[in-house]
Every structure is written in C-alpha cells, then in structure tokens.
Amino acid sequence: MTTASVVGASGFTGGELLRILDGHPEFDVVQATSRSSANKTVGHAHPNLRHLDLRFSDPAELESVDVLFAATPHGVSMDQIDRFREAADRVVDLSADFRLDTEAEYDEWYDGHARPDLLAESEYALPEINRENLRDATLIASGGCNATATILALKPLVDAGYVGDRTPVVDVKVGSSEGGAGGGAASSHAERSGVVRPYAATGHRHEAEIEGHLGLSVAFTAHAVDMTRGAAATCHVFPDDRVTTGDLWTAYRGVYDDEPFVRLVAGGSGVYRYPEPKAVAGSNYAEVGFVVDPGNARIVAFGAIDNMVKGSAGQAVHAANLACGFVETAGLEQTGYHPVGAP
Ligand SMILES: NC(=O)c1ccc[n+]([C@@H]2O[C@H](COP(=O)([O-])OP(=O)(O)OC[C@H]3O[C@@H](n4cnc5c(N)ncnc54)[C@H](OP(=O)(O)O)[C@@H]3O)[C@@H](O)[C@H]2O)c1
C-alpha cells in the first residue's frame, strides 16, 4: 500500500480526504493531524468516520509517508513546505499557496509568498487541463472550488475561440462549507439560513487563478447561498461571431468526451436541465452545460461541482492518482444520491 497522511484532518476538506482515502484501493492513511483535537479519534470531528481506528496527532511530529495531503488554511503550507517535503515524497496542497505561478501575483492578490522559489515547480491540479504534467509531480496545488467550476464551464469556449472581445461575466453561488469548519459569523446557521448574499462582489482571489490557468480574464462575483455543499458557476460570454447550439455541442464534446468526471448537461427535458450542484453532491463529478441566447449575442455556460469533492478533496486524490501512476479514477467512482435534501 501507498502510505498517506492528512495534515489539517479535523477540518472539512481534511474529513473528506479521510472519507475518500478510506475507500481507496491503494492508499493507507497512517497519520491525520489536528492540534486542537490531538489524541481524539477522527470520528470525534467527523461522525461519518466513527468506524475508523485512527486518532488525530500533532502536526509538529510528521510521520514519513509516500503522499502528504495538506488541508490547512492559506499560508501554512508555504511556511511549512520544507517539513512536509522531508516527510513525504509527494505533497498535495489543497490551499491556494502554490496555485499561482509568480510571486508578483501573490503580491497583488494575497500577502506575498514565503517560498516563491517553488512556484515554478508546483503543478496545478485541474487534471482536465493539466493531466500530463501531474504524472510524477511531487508538489501539487489542488485547484480552488470556484475556479474549478468556472474553468470547466469556460474551457471549451476558450479553446474554440468563442470568447469575444468583451470580458465574460461569471456569477458563482457557493455553499457554506466553503468557509471551512471554523466558518465564522457569516457561516453560522442563523446568519446563513435563507441567504443569497454577495460576499465577493468584485476582486475575488479566484479571478487570478482563473486567469492564470485558463488564460482568460473574467469579471467575477460570488454569492453565499443557503446550501451546505456546492459551487455553481454561471458564465455570460459574448462571442464576436454567431455561434450555434451545434457548434457548442461539438466544442464541449471535443474537450470532455473522454473525461471520466465531467458530465455534459445542456437542455433536454425534465427538472434538471442544466448543471446542478445537488446532482453531484458527495461525488467527484462536475456537470458542465451551455445555452445560446441569439437575441443578446450571448452564450451562457454553467459549471456545477461539490466544493468538498471535485472542488477540493476529490480533485486532490485525482491528482495524487495521476502522480502515483494509479488508475486515475481509483477511489473516486462513487456517484451522488437522488433525491437529497439541501446538500
Ligand atoms: N472548504 C472548501 O470548500 C475548500 C475548497 C477548496 C480548497 N479549500 C482550501 O483547503 C484548505 C482547508 O480548508 P477547510 O475548509 O478544510 O478548512 P478548515 O475546515 O478550517 O480546516 C483547517 C484544518 O487545518 C488545521 N490547521 C489550522 N492551522 C494549522 C496550522 N498552523 N498547522 C497545522 N494545521 C493547521 C485545522 O486543525 P487544527 O487547528 O486543530 O490543527 C483544521 O484541521 C484551505 O486552504 C481552503 O482554502 C477549501
């Protein structure tokens, strides 16, 4: 078996990593860290994992493993990367610490970077856009949830040259788990219940990630909505020339036909005619779709994911599968449920 550790295992994405790795045929989790819950069983923080015989330990003492998953807040991995890499052959980081390519971008969008020398070495994990570079990678930056939903929705339009001169407008709705287990006042049940709250009307940091990895500037707004899991991107794109529905099917099928985790959902009949986070909750699937609005010379493209899986832990395991040479879908093939309540 390939040994793994999860640093930051008491948090939301850490719990999802433990859940996915528990069902993975290749990985054996030997360490799960939490400073605040050290010595408690992982079931203490994650009741769905009460069956696991594993206790949290202090991240000050890292075990030697093949793969270390870091599910820690922004800034921790860049500070501790030397320790992480001493402990493991491969590091998969779920934070934003290694997603951007240059120190200048971190100066502009974050508070600088402690280890800019490593940025050129890290590989960005959206496997759908960077698969070949992830094979054998030793430092992996798992993509952000909003960026994942947006990039997957827009990638076929960019490749086909259907994005015109006008900057696309992207509106993302996200669930409360995006804020992490700490959450804060804005994520408390009483405050969050019933909201459709713009929380990053302009200037969201994922703009930089989308631009860097899609090669396209977007005007981005995010809303916090009343669901626990999920990110849904609605992207308004203005092509310079007429584009038909048939053109779009050709473009999207060309990019995603062989992708194991992308489902095209565009029109048709029934209740769920476009991508819907509820339909992928608990799974590593992304739904992508589109519609043409000829009257306004507009394409509306959609992307929907579970931020806890395709937007974080599942994407990280997918990247680790590629890096380790495993079957790329290993441990990730479970589907979601239907019907479900608010995910
Ligand atoms: N939530 C999402 O939808 C999502 C999606 C994509 C990416 N991400 C990224 O994934 C990372 C984790 O997110 P999350 O939502 O899981 O956060 P979270 O629920 O707040 O969990 C953070 C974890 O990190 C640990 N931790 C905090 N400070 C630490 C330190 N200095 N050293 C070691 N461990 C530390 C915490 O446990 P202790 O304090 O007990 O040690 C906890 O286990 C973040 O960078 C986030 O941006 C999140």
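Above this text you will find the structure in question.
Residues numbered from 1 in each chain as written. Predicted model: local features only at pLDDT ≥ 70, side-chain atom pairs only at ≥ 80, totals over all residues. Heavy atoms only, no water.

Asks: How should I be thinking about the nonpolar core in this particular structure?
Replies: The nonpolar side chains of soluble globular proteins are, as a tendency, buried together. If you look at the biggest cluster of nonpolar residues, it comprises 39 residues, and the most contacted ones within it are Leu154, Leu157, Val170, Leu248 and Tyr252. Secondary-structure elements contributing two or more residues to this core are helix H6 (145–160), strand E8 (169–174), helix H8 (206–214), strand E10 (219–225), strand E11 (231–237), helix H9 (245–256), strand E13 (286–293) and strand E14 (298–305). Residue contributions to this core peak at eight residues, all from H6. When sequence neighbours within four positions are dropped, the list of residues in contact with Val170 reads Thr150, Leu154, Val218, Ala219, Phe220, Thr221, Ala233, Thr234 and Cys235. Counting 38 residues, the second largest nonpolar core, distinct from the first, contains Leu21, Leu54, Phe261 and Ala313. (Core = buried A, V, L, I, M, F, W, Y, C linked by side-chain atoms within 4.5 Å. Buried < 20%, exposed > 50% of the residue type's maximum accessible area, 1.4 Å probe, protein only. Helix = DSSP H or I, 4+ residues; strand = E, 2+ residues; numbered from the N terminus. Contact = heavy atoms within 4.5 Å.)

Asks: Can you help me understand the sheet that holds E8 in this one?
Replies: Within a sheet, each strand pairs with its neighbour through backbone hydrogen bonds, oriented either parallel or antiparallel. Strand order across the open sheet formed by seven strands is E9-E10-E8-E11-E14-E13-E12, with mixed pairing between neighbours. The two strands at the open ends of the sheet, each matched to only one other strand, are strand E9 (196–200) and strand E12 (262–264). Taking the axes of each pair of neighbouring strands and ignoring which way they run, one obtains an average angle of 25° across the sheet. Bridging between E11 and E14 involves seven bridges; their strand directions are antiparallel. Bridging across to E14, Cys235 finds its partner in Ala301. (Pairing = 2+ DSSP bridges. Axes fitted to C-alpha atoms, helices over the stretch in contact; angles between N-to-C directions.)

Asks: Would you mind going over the pairing of strand E7 (residues 139–142) with me for this structure?
Replies: Side chains on a regular strand alternate between the two faces of the sheet. Side chains of E7 alternate between two faces, with Leu139 and Ala141 and Ile140 and Ser142 buried alike. Direction of pairing for strand E5 (residues 88–93) relative to E7: parallel, over a ladder of three bridges. When the bridges of E7 are listed, Val92 appears paired with Ile140. Sheet topology places strand E6 (residues 123–125) next to E7; three bridges connect them, and they run parallel. In the sheet register, Tyr124 faces E7, and the bridge partner there is Ala141. Handedness of the β-α-β unit built from E6, helix H5 (residues 127–134) and E7 comes out right-handed. (Right-handed = clockwise from strand over helix to strand, strands pointing away.)

Asks: Looking at this structure, I do not really get the packing of aromatic side chains. What am I missing?
Replies: Any two aromatic rings considered together are summarised by their centre-to-centre distance and by the angle between their planes. Applying the stated criterion to the full structure yields seven aromatic pairs. With centroids separated by 5.0 Å and ring planes inclined at 80°, the aromatic side chains of Trp249 and Phe290 adopt a geometry described as edge-to-face. With a gap of 41 residues between them, Trp249 in helix H9 and Phe290 in strand E13 connect regions that are remote in the sequence. Measuring from ring centre to ring centre gives 5.8 Å for Phe261 and Tyr285, while their planes differ by 70°; the resulting arrangement is edge-to-face. With Phe261 in the loop between H9 and E12 and Tyr285 in the loop between E12 and E13, this pair connects stretches of sequence that are 24 residues apart. The pair Phe261 / Tyr285 is uniform in exposure class, with both members buried. A network of ring pairs unites the aromatic residues Phe27, Phe69 and Phe326 as a single cluster. Arg166 extends its terminal NZ or CZ atom over the ring of Phe238, reaching a point 3.8 Å from the ring centre. The ring of Tyr285 has Arg263 sitting right over it, with the charged end atom 4.9 Å from the ring centre. (Phe/Tyr/Trp six-rings, centres within 6.5 Å; stacked < 30°, edge-to-face > 60°. Lys NZ or Arg CZ within 6 Å of the ring centre and 35° of its normal.)

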